[in-house]
Amino acid sequence: MRRPFNPASSLLAGRPTAALQADLAAAQQAYIDLQSGSKVVSVSYAQGSGSRTVQFTQAEMAGLQNLIRSLQLQLGVIQRGRQPIRVLF
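Numbering of residues begins from 1 in every chain and follows the order in which that chain's sequence is written. Local features in this predicted model are restricted to residues of pLDDT 70 or higher, and side-chain atom pairs are both shown and tallied only at a pLDDT of 80 or more, whereas totals for entire chains, interfaces and linings draw on every residue. Each side-chain value is worked out from all heavy atoms of the structure, with water and hydrogens disregarded.

**Quick notes on the environment of Gln35**
Within the element layout of this structure, Gln35 appears in helix α1 (residues 17-35). Owing to a relative accessible area of 51%, Gln35 belongs among the exposed residues under this scheme. The contact criterion used is simple: two residues touch if any of their non-hydrogen atoms lie within 4.5 Å. Beyond its immediate stretch of four places on either side in the chain, Gln35 contacts Gln58 and Met61. Here a strand is any run of E in DSSP of at least two residues, a helix any run of H or I of at least four, and the numbering for each starts at the N terminus. A 1.4 Å probe rolled over the protein chains alone gives each residue an accessible area, and that area as a share of the maximum for its type sets the label: buried under 20%, exposed over 50%, partly exposed in between.

**Examining the environment of Leu20**
In this fold, Leu20 is placed in helix α1. The sequence separation of Leu20 and Leu71 amounts to 51 residues, and the corresponding C-alpha distance is 6.6 Å. Non-local contacts of Leu20, meaning those with residues more than four positions away in its chain, are made with Leu12, Arg15, Leu71, Gln74 and Leu75.

Written as structure tokens, this is what we have:
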């Protein structure tokens, strides 16, 4: 069973909200740029104690989607997805 998301213990914990919002906007713009046909998009964000720049291509859309979801979870924009429904007989 999954444990609930805890913003205080995530890799993005301690990052100011304004910085998280700017990171999310940059990641979402990169996603839009990739979807519209750009070949390579760079996104910079902070993780833990340092900054990181990542380049995404069309083939790496899943990684960019995961980054966007992580930022959205940290900001409280989305909640953790529902658990699968299990039928008991």
